[in-house]
Amino acid sequence: MNRSQANLKRAVWALLLTLFVFPRLAGAQTSGSLTVTANVQGSIGLVFDNNVNVGLAGFCPLSNAGTNNAGLDLGTASFAQGDNLACVNFSRPVPFYNVSSAFDVVVTKANTASASYRLAVAMSTVPPPNVTWLMNALTMTTAAQTLQAANPYGRTTETLRVQVRNSVPAQVLVEVITFTATAN
Amino acid sequence: MRTTLKIVTLIVGLLAGSGLLSAQTASGTLNATLINRSGIAVVFNSDPAGVVLGGAGTSTASLNFGTVAMYMATPAAGVSLTRTASDFTISSPFDTYVIIGGSASASYSLQAALQSASGVYTFKFDGIALTTTSSVVVAADPNYFVNVPHTLSLTVPKTAPAGAVSNTVNFLVTAN
């Protein structure tokens, strides 16, 4: 084979490579698969929210409304002079005074067929003598008590009331009230 | 002694005649060939910020979000949870790692499709809702030989029943 024949052979090979091999490079493909799994469980959620009448007497605004960790300021009150907040309901059934404010508890469900829930409440500490904390008509203690046995899911209005006898020394009254909703 | 010398002389003569003692050369050619084909491959890797994949480092991996609930306090490590009024979404980053050889390709495209219909659930790849029809989710990614983070999310309506959710995302990687 002389040199010109060798060159011709190389040219033919180059052409064949160009025609049949290189076009496949750009379209090279591969595949993979990713299997995704999850185990969905039913759950319920609880948040505190302002009542539609917020700002009116008996409906003080919550701090951090829309969450499950809200605050309710009942202001500064005395037996003789009432409460400094207009949104607080104040009454004076001698020898006590009451301050109260209503707010909403919103309980929602997801991925469950539950039709109702039970709502329980408990206080964080035992209050001083002659001070009573009530949720609606229920006198609260540090033990969880059922407030409502079968609430439909959605929004319910609850009223917090603090009853103070006029003999109670001046002090700051603070409680953390835990609400527990349990799907029925 | 003379007899022995004759015998030796005879043997040498025979060997010389057979050519065994002659100085000859031989040659051959080995025609070796190698077809260097182009090739591309993808594997899935765990992302440092995401859940640990099953079968990480392979092209058939699994991503398990674990037990999830709309109102759960804390999802599993690597899982993010967001909620709306009507559903919740769990998501996790994961990495794709594409290698290529025998090609001058500068980028690749990525197509994805669900293996089975998703029903009430929504699977998304980097925010793109997936269906059983393959669609391009990345048109031209130049990142060969590096982990490329992506996000896979699953949206669960609050009205869906509790239970297991599973599907497979099939990816097709094509060199541009």
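Residues numbered from 1 in each chain as written. Chains lettered and ligands numbered in written order. Predicted model: local features only at pLDDT ≥ 70, side-chain atom pairs only at ≥ 80, totals over all residues. Heavy atoms only, no water.

## Some points on the overall build of chain A
(1) Moving on: Helix and strand counts for chain A come out as one helix and 14 strands.
(2) Moving on: Counting the 184 residues in chain A, one finds 36% classified as buried.
(3) Moving on: A sequence separation of at least 24 residues applies to 66% of the contacts in chain A between residues at least 6 apart.
(4) Moving on: Total accessible area on chain A is roughly 10000 Å²; 57% of this is exposed by carbon and sulfur atoms. (Helix = DSSP H or I, 4+ residues; strand = E, 2+ residues; numbered from the N terminus. Buried < 20%, exposed > 50% of the residue type's maximum accessible area, 1.4 Å probe, protein only. Contact = heavy atoms within 4.5 Å. Areas by Shrake-Rupley, 256 points an atom, 1.4 Å probe, with all protein chains shown as cover.)

## Observations concerning the state of the cysteines
Residues and elements named next belong to chain A.
(1) Moving on: In the structure shown here, the tally under the stated rule is one disulfide over all chains.
(2) Moving on: Across the disulfide from Cys60 sits Cys87; the S-S distance is 2.0 Å. Between Cys60 and Cys87 the sulfur-sulfur dihedral comes to about 95°; the bridge is accordingly right-handed. Here Cys60, found in the loop between β2 (43–49) and β3 (62–63), pairs with Cys87, found in the loop between β6 (82–83) and β7 (89–91); they are 27 residues apart in sequence, far enough to count as distant.
(3) Moving on: A relative accessible area of 10% places Cys87 in the buried class. (Disulfide = S-S within 2.5 Å.)

## Regarding the confidence of the model for chain B
(1) Moving on: Summing up the model confidence of chain B, the mean pLDDT is 90 and the portion of residues at 70 or higher is 87%.
(2) Moving on: Interface confidence in the predicted complex, given as ipTM, is 0.82; pTM for the same model is 0.78. (pLDDT = per-residue confidence, 0-100.)

## Some words on the pairing of strand β1 (residues 29–41) of chain A
(1) Moving on: Taken together, the 12 bridges between β1(A) and strand β10 (residues 163–175) of chain B define a ladder with antiparallel strand orientation. Bridge assignment links A:Val36 to a residue of β10(B), and that residue is B:Asn167.
(2) Moving on: Bridge analysis of β1(A) against strand β2 (residues 60–69) of chain B gives eight bridges, and the strand direction is parallel. When the sheet's bridge partners are listed, A:Gln41 is paired in β2(B) with B:Ala69. (Pairing = 2+ DSSP bridges.)

## Describing the sheet that holds strand β12 (residues 145–152) of chain A
All names here are of chain A.
(1) Moving on: With antiparallel pairing, the three strands of this open sheet are ordered in space as β12-β9-β14. The sheet is open, and its two edges are formed by β12 and β14 (177–183), each paired on a single side. Within this sheet the neighbouring strands show an average axis-to-axis angle of 20°, counted without direction.
(2) Moving on: Taken together, the five bridges between strand β9 (residues 116–123) and β12 define a ladder with antiparallel strand orientation. Note that in β12 the partner of Leu119 across the bridge is Gln148. (Axes fitted to C-alpha atoms, helices over the stretch in contact; angles between N-to-C directions.)

## Quick word on the confidence of the model for chain A
(1) Moving on: Per-chain confidence: chain A averages 89 in pLDDT, with 86% of residues scoring 70 or above.
(2) Moving on: Note on residues 11–25 of chain A: pLDDT is under 50 here. Beyond four places in sequence and across chains, it has nine contacts.

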